Structures are given as structure tokens and as C-alpha cells.
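Inside the fold
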Amino acid sequence: MICEAISRIFREAKEKTTAKLGLGFLDLQTGETALWNADQAFPTASTFKLFVLAELYRQVAAGEIRLEDRIPLESEDKAFGSGVLALLADGLPLTVHDLAVLMMIISDNTATDKLCSLVGLDRVRANVLEKLELRETQVALNCKDLIDLYYELNGRSIEEALADYGGVVPSFRMSPYYTCEAPLNNQSSPRDMLKMLELLYRGEWVSPEASAGMLEIMKECQTNSRIPFMLPEFMPIAHKTGTIDRFCADVGIVYAPNGTYALALFYNGNLASEEEYEANDKGQVGDRFLAELSGAVFRAYTQAGRE
């Protein structure tokens, strides 16, 4: 019954937007699902960092890396975009665990690229994506490369690109990285994300200890304008967001009072109508849409627990 209610919420949601939606719900108590565009590829934006974290914890468990190892911050490491490390002094000695925390809770791009170099994107593909048969998922780009391609920088800095554009950011509506038609991309699907989240919840990614360690970091996520926004304060939610241009996503596990469920929510505003694309400047339309959708799912789930 609960999945019928969630499916109805998903059907109604698609009528409220011109954006392409990818939606996944998994009741972790019963295994029942509600899905929309579950096997279609969407950009990941920063949600790809979940797969980098998974490979990091696999290598830690294998004894190849220690979370307490320290790695100095270098100027060439610094990446544009979210996070704080790009603003800090060179030489700062960060532990691997520090980098993992910064990557996941404030989506620090510099921390992410340090970890991408440390664990190797080829090993993320081989040991996570291929091993788990995540058929719609690619992790081909670090943050520097992703931003360069998605914003069509062609090696320019943001400042240089803006100057070339006359100070007006061009439209990236329907461009190939957002449509997932580029040969190399960071992309995934609702079903693939739910599979990774379920393994973490059940303690089956590498080991119960590794899975729990990842979830504890994800519970501290500080970008809370989507899945958690309309849910009760202080309720545990282990999640990771992603944002680039008009695209936004949030994937995670909600520890509701009457049970636990996983959500994978993708709002591809870059494939919306021109009017909705323009209205979604700074992502406020997508943020609100996913927040309201998450709130509706939570109400349906908790109401079912009282029936």
C-alpha cells in the first residue's frame, strides 16, 4: 500500500514540472519500491562522490590506505566550486578521513579531487561500478574536469569565461553533458543509486564497519535544502546532494520514526522548458521541488505507519 501511495506522489510530481525527473523510493524494511525513470541516466553532479567514498573505504579495508594518513594541501590541488579548502593555506596537513568528511558534508571539490587522485577513478569504475553492475553509472571525471566540461570553460578560469561571455552566463539548456549523451560523463540512475544505498544500510558494502563509517559521515551532510528540508529537525538522514547549473539531486537514507527508506531524487532542470530553465536561476526551483517531493513521501510513509 505504501508504495502505491509513493508511486502516486511520483506520478503527480511529473505533472508539476517540465524538467526530466528520475525518482526512486525503496522501503528498506520490506524491499518494496516506487520508481520513475529508474533506469535512465542522469547527471550526478556531486552525488558521484558517494562512489569515490565507497572505493576509499574498500581500499581502507584492504589495508591500502589508512584514514589517519596525512596528505598536505598543495596549490595545484585546489578546485573551483563548493568547499573551503581552495581558500586555505598551502601545506595544510589533512587526514584522509578529513578529506572524506569535507567531500561529503560540504561537497568540497578540492577534497574530492585529492581523493580521486588517491584512490584512482579507474579503480572506482572497476571495484565499485563494475563489481556492483551499476549499468547506468559512469564516474569518468574529477571535479575540475566536470566543471570545465559542464560549463564549457575549455580550460579557461570562470573569470576568463565570464569575460569572454560579456559577463552574462550562457544557457546550458539541452547541452550533451546534461542530456547524458557525451561519451565520458559522471552519470547514474535512480536504481543504481538505490542499490548502493541499500548495500550501505544492510552493512554489505565491504563490511558492516565500512558501511557504517560511510553512513556516519553522510549523516553530517550540511546541504539540507532538499530531502531533509521539510522533514523533522534532528531526524537522522544520511545523504549526498549534487548541483550543477539547473540540475540538482539528492540521494540518501531517511531514518523515519516508523521505519527506514532510501530516496534517489534527480531534477534535471537543464532539460526543462526555456521558461522553467530561466526561472530556476541559482537552483531555487529545483531545490523547492525536491524538498516538497521528499516531504510528501515522508508524510505518506509515516501516515502508513499509523494505519
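Bear in mind that the values here come from a model prediction, so they are computed numbers and not experimental data.

A word on the sheet that holds strand β8 (residues 237–244). Across the sheet, which stays open at both edges, the 5 strands sit in the order β2-β1-β10-β9-β8 with antiparallel pairing between neighbours. The strands lining the two open edges of the sheet, one partner per strand, are β2 (33–36) and β8. Between one strand and the next, the sheet's axes are offset by a mean angle of 5°, whatever the strand orientation. Of the strand pairs in this sheet, β8 and strand β9 (residues 247–256) are connected by 8 bridges, and their pairing is antiparallel. In the strand pairing of β9, Ile 237 is matched with Val 254. Contacts from helix α9 (residues 190–201) reach β1 (20–27), β2, β9 and β10 (259–268), with the element oriented near 150° to β10.

Here helix α6 (residues 143–150) has its buried residues at Cys 143, Leu 146, Ile 147 and Tyr 150. Viewed end-on, α6 has its buried residues packed into an arc of 95°, placing them on one side of the element. A positive phi of about 55° marks Glu 152, the residue just after α6.

This part is about the environment of Pro 257. Inspection of the secondary structure puts Pro 257 in the loop between β9 and β10. For Pro 257, a relative accessible area of 69% translates into the label exposed. Each C-alpha atom, one on Pro 257 and one on Met 235, is 8.4 Å from the other, the two residues being 22 residues apart in sequence. Among all residues touching Pro 257, those that are not within four sequence positions of it are Met 235, Phe 298 and Thr 302.

Next up on the list: the packing of aromatic side chains. Tallied over the full model, the rule gives 9 aromatic pairs. A ring pair is formed by Tyr 151 and Phe 172, whose centres lie 5.5 Å apart and whose planes are at 80°; its orientation type is edge-to-face. Within this pair, whereas Tyr 151 is found in the loop between α6 and α7 (158–164), its partner Phe 172 is found in the loop between α7 and α8 (176–179), the two being separated by 21 residues in sequence. Between Tyr 261 and Tyr 301, the ring centres sit 4.7 Å apart and the planes meet at 55°, which makes this aromatic pair tilted. Taken together, the positions of Tyr 261 in strand β10 and Tyr 301 in helix α12 (residues 284–306) put the pair 40 residues apart, joining distant regions of the chain. What links up through ring pairs into an aromatic cluster is the set Phe 25, Tyr 261 and Tyr 301. Across from the ring centre of Tyr 255, 4.7 Å away, lies the NZ or CZ of Lys 219, which sits over that ring.

Attention shifts here to the side chain of Thr 302. Note that Thr 302 resides in helix α12. On the accessibility criterion, Thr 302 (10% relative accessible area) is buried. Polar side-chain contacts of Thr 302 include one of 2.8 Å to the backbone oxygen of Phe 298. At 3.3 Å, the side chain of Thr 302 and the backbone oxygen of Arg 299 are in polar contact.

Extensive coverage of β8 is indicated by the burial of 7 of its 8 residues. Between the antiparallel neighbours β8 and β9 lie 2 residues, among them Asp 245 with a positive phi of about 50°.

What counts as what
- Residues numbered from 1 in each chain as written.
- Predicted model: local features only at pLDDT ≥ 70, side-chain atom pairs only at ≥ 80, totals over all residues.
- Heavy atoms only, no water.
- Pairing = 2+ DSSP bridges.
- Helix = DSSP H or I, 4+ residues; strand = E, 2+ residues; numbered from the N terminus.
- Axes fitted to C-alpha atoms, helices over the stretch in contact; angles between N-to-C directions.
- Contact = heavy atoms within 4.5 Å.
- Buried < 20%, exposed > 50% of the residue type's maximum accessible area, 1.4 Å probe, protein only.
- Arc of directions from axis to C-beta.
- Phe/Tyr/Trp six-rings, centres within 6.5 Å; stacked < 30°, edge-to-face > 60°.
- Lys NZ or Arg CZ within 6 Å of the ring centre and 35° of its normal.
- Polar contact = N/O pair within 3.5 Å; in protein donor to acceptor, adjacent residues only side chain to side chain.

The analysis is restricted to geometry; functional conclusions fall outside its scope.
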